[in-house]
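# Structural features, examined
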Amino acid sequence: MQRRDIFINVAKPGHGDEARKYLVEWLRSLDGHPGYLGGSVLEEVAGELLPDTVVLIMEFESTEAARALWPKIENTINPLYPDDKTDKTPDQGTAFFDGTKDAVAAGGELQLKFTRGDGLFARMLHVHAAVVEEVAASGRSDDAA
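The chain is annotated in an unreviewed UniProt entry as Antibiotic biosynthesis monooxygenase of Nocardioides eburneiflavus.

Within strand E3 (residues 53-60), seven of the eight residues are buried, leaving the element largely enclosed by the surrounding structure. In the sheet, strand E2 (residues 36-43) pairs with E3 via seven bridges, with the strands oriented antiparallel. Note on E3: the bridge partner recorded for Glu-43 is Val-54.

Even without a glycine there, the phi angle at Asp-52 is positive, about 60°. Positive phi outside glycine occurs at Asp-118, with the angle close to 60°. Within the fold, Asp-118 resides in the loop between helix H3 (100-105) and strand E4 (121-130). Judged by relative accessible area, Asp-118 falls into the exposed class, the value being 62%.

Along helix H2 (residues 63-73), the residues that are buried comprise Thr-63, Ala-65, Ala-66, Leu-69, Trp-70 and Ile-73. Down the axis of H2, the buried side of the element spans an arc of 160°, and every buried residue falls inside it. In this structure, H2 carries Glu-64, Arg-67, Pro-71 and Lys-72 as exposed residues pointing more than 90 degrees from its buried face. Looking at the buried residues of H2, the elements they touch are strand E1 (3-11), helix H1 (16-29), E3 and E4.

The rules we used
- Residues numbered from 1 in each chain as written.
- Predicted model: local features only at pLDDT ≥ 70, side-chain atom pairs only at ≥ 80, totals over all residues.
- Heavy atoms only, no water.
- Buried < 20%, exposed > 50% of the residue type's maximum accessible area, 1.4 Å probe, protein only.
- Helix = DSSP H or I, 4+ residues; strand = E, 2+ residues; numbered from the N terminus.
- Pairing = 2+ DSSP bridges.
- Arc of directions from axis to C-beta.
- Contact = heavy atoms within 4.5 Å.

So this is what it looks like as structure tokens:
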């Protein structure tokens, strides 16, 4: 069963472009890992979350292929693990819902810990998911019918 790993991060203020480029290059660096199928970097564009919210999606042939990658990267500087390997900071996703966005919009400082990717990212949430079903669009719109 295919697997997708999804990491929602916020880029350090003022470093959004650099952070997105970093994620793309990091995904490219994984090319050749057995079972790695590629990935995507997405940015939140509706303004519903914190500024410079980015999503990293990694695709694998199986859970085993994904798990085989972790020992290879866990002791490196990367966007998935803390830069300081003794750091046990939990995901910070509560900041999406606790008024942080309004405080930042009002000129307040973004009170997140940027602990990943050489200080470029605050990890908000992560999900390791097996693909249960994929549904492709038929390529036909209602207007064409």
